[in-house]
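Tertiary structure, described
The primary structure of each chain is shown beneath.
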Amino acid sequence: MDNTTQRVIQHLRVLAAGQAAGSRLPPVRALMREFGAGPVTVQRALDRLTHEGIIEAHPGRGTFVAGRAPDGAAVLADMAWQSVALGPGRSQAEALGALAHVPPPHAVPLNAGYLSEALQATSLLAAAATRALRRQGLWGRMPIEGLHALRAWFADAIGGSYRAHEVTICPGSQSALAASFRALANPGDPVLMESPTYIGAIAAARAAGLRPVPVPIDRDGVRPELLADAFRTSGARLFYCQPTYSNPTGAVLSAARRGAVLDLLREFGAFLIEDDWARDFQLDSGTPPPALAADDRDGHVVYVRSVTKCAAPGLRIGVICARGPAHARLRAARLTDDFFVPGLLQEIALQLLTAPSWPRHLRWLRAALRAQRDALVEALRMHLGPDCLAHVPEGGLHLWVRLPDGTVDEDVAATCARADILVSSGRHWFPGEPEAPFLRVGFAAIPAEAADDAIARLAAIIRG
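Since we're looking at a predicted model, the values are computed, not measured. (Residues numbered from 1 in each chain as written. Predicted model: local features only at pLDDT ≥ 70, side-chain atom pairs only at ≥ 80, totals over all residues. Heavy atoms only, no water.)

**Topic: the sheet that holds strand S15 (residues 438–442)**
Where strands meet in a sheet, backbone hydrogen bonds hold them as pairs that are either parallel or antiparallel. Pairing is antiparallel in the open sheet, where three strands are placed in the order S12-S15-S14. Of all strands in the sheet, those bounded by a partner on one side alone are strand S12 (398–402) and strand S14 (424–425). Two strands pair when backbone bridges link them, and S14 and S15 are joined in this way by two bridges, in the antiparallel orientation. Bridge assignment links Ser424 to a residue of S15, and that residue is Arg440. (Pairing = 2+ DSSP bridges. Helix = DSSP H or I, 4+ residues; strand = E, 2+ residues; numbered from the N terminus.)

And the structure:
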């Protein structure tokens with residue numbers, strides 16, 4: 001925390017201590033003038049004092065002295081009773097919450113899982129929203145499954161593996177995953193998960209009361225012989241998998257292993273949740289492999305996809321695709337969540353995805369991300385050595401960085417955060433014990449020209 005922020009904090013402490021509860025404090029603009037500070041600095045000071053219970057901020061009205069006890073101390077509520085009432089928790093989403101936290105403008109967001117604003121489809125979304133608002137019925141009730149035309153677009157984009165009536169629109173892929181874990185297994189059941197894998201899936205599985213069982217992967221995806229062992233010893237009937245540009249490692253399930261995985265699903269009578277989040281992020285030449293769902297005849301694969309990542313974080317549109325009784329279960333799970341996704345959001349997504357400008361945007365986006373990835377790879381290898389990256393993924397948004405033996409990845413992440421460099425500790429991406437110290441480093445929000453400085457600072461912290 002810089003000196004100016006500390007001065008603003010101390011000034012407001014003195015003012016609040018000498019005034020009655022409810023007294024108005026100086027507005028942000030006045031504090032900016034008095035201390036020659038920017039709005040971010042002042043807001044940081046206000047956030048600190050709000051967290052301490054010294055002030056209360058009311059948007060549109062101002063900032064006020066918080067309620068106080070007769071001795072002048074802040075009144076702190078006693079929440080201890082809640083620990084007894086709630087009992088042990090199931091969800092362990094602290095690390096996921098850290099990723100979802102909006103970083104301050106001055107931070108270096110190497111933990112970002114979303115595009116920087118410069119890469120988001122904001123102008124296309126504005127045009128899509130204008131067209132969408134001309135449509136009738138947007139403010140009425142929507143079908144639980146979503147707009148038929150949007151479902152049909154997804155069915156076609158997946159490659160004809162599903163028909164429109166087998167597609168259900170969700171408010172983003174995280175919602176789709178949460179519904180899938182609840183619908184396809186019961187609390188206490190085991191769920192097989194690649195190790196490492198997406199932290200949001202681990203959190204959603206645990207929130208559903210499931211027991212994650214790790215199955216190791218390498219650069220060619222999950223290892224079929226270990227997957228067979230896991231099915232056999234755990235009795236699991238559900239497997240979560242990212243076959244294409246796995247988050248965090250960027251692994252792609254090889255052609256040689258695809259058939260083996262599908263054979264195991266049939267042998268054990270199991271479902272596979274295919275999280276195809278990165279299909280639009282093929283960064284090198286060629287095309288990504290087809291979805292596993294394309295080779296599934298009998299409804300073993302439940303397919304999840306989203307347009308949020310490649311458009312903008314606020315376009316919360318994803319899908320679950322399934323056949324048979326599983327589809328009915330998933331529809332029921334979605335109904336109990338929120339009835340339906342708002343029609344305006346669905347229509348904006350439809351207008352965006354069907355516009356001639358959308359394929360051009362994706363081509364431009366891939367080129368920009370490729371440049372950012374390559375700059376980050378070069379910087380990592382220069383400052384941390386070639387061994388820090390086992391391989392460079394051909395798609396996705398992240399690099400899986402190996403730290404030196406003996407390094408505590410959580411300590412590195414915490415030290416980086418204090419220096420306003422945001423990285424994600426590798427251990428949180430393992431559903432079981434971590435195999436080694438790693439960091440997940442993302443290139444989605446780091447311009448190519450900023451990569452060398454960011455990694456030089458990161459390397460200095462790692463070296464201690």
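**Examining helix H16 (residues 409–418)**
Within H16 the residues assigned to the buried category are Asp409, Val412, Ala413 and Cys416. The arc enclosing the buried residues of H16, seen along the axis, measures out at 95°, which places them on a common side. The first or second residue beyond H16 is Asp420, which carries a positive phi of 65°. (Buried < 20%, exposed > 50% of the residue type's maximum accessible area, 1.4 Å probe, protein only. Arc of directions from axis to C-beta.)

**Things to note about the sheet that holds strand S6 (residues 211–218)**
Taking strand neighbours across the sheet as the criterion, the eight strands line up as S4-S11-S10-S9-S8-S5-S6-S7 in an open arrangement whose pairing is mixed. The open sheet has two edge strands, strand S4 (167–170) and strand S7 (221–222), and neither has a second partner. Inspection of the sheet shows S4 paired to strand S11 (residues 318–321) by four bridges, in the antiparallel sense. Bridging from a neighbouring strand, Ile169 pairs with Val319 of S11. Packed onto the sheet, helix H8 (residues 173–184) meets S4, strand S5 (190–195), strand S8 (238–241), strand S9 (271–275), strand S10 (301–306) and S11 and runs at close to 160° relative to S10. The strands that helix H9 (residues 199–207) touches are S5, S6 and S8; relative to S5, the one it contacts most, it runs at about 170°. (Contact = heavy atoms within 4.5 Å. Axes fitted to C-alpha atoms, helices over the stretch in contact; angles between N-to-C directions.)

**Some words on the packing of aromatic side chains**
Applying the stated criterion to the full structure yields eight aromatic pairs. Measuring from centroid to centroid gives 6.0 Å for Phe181 and Tyr240, while their planes differ by 50°, and the two rings are tilted. Of this pair, Phe181 sits in helix H8 while Tyr240 is found in strand S8, placing the two residues 59 residues apart along the sequence. Ring pairing ties together the aromatic residues Trp400, Phe430 and Phe438, which thus form one cluster. Above the ring of Tyr114, the side-chain terminus of Lys309 is found at 4.3 Å from the ring centroid. Across from the ring centre of Phe438, 5.8 Å away, lies the NZ or CZ of Arg402, which sits over that ring. (Phe/Tyr/Trp six-rings, centres within 6.5 Å; stacked < 30°, edge-to-face > 60°. Lys NZ or Arg CZ within 6 Å of the ring centre and 35° of its normal.)

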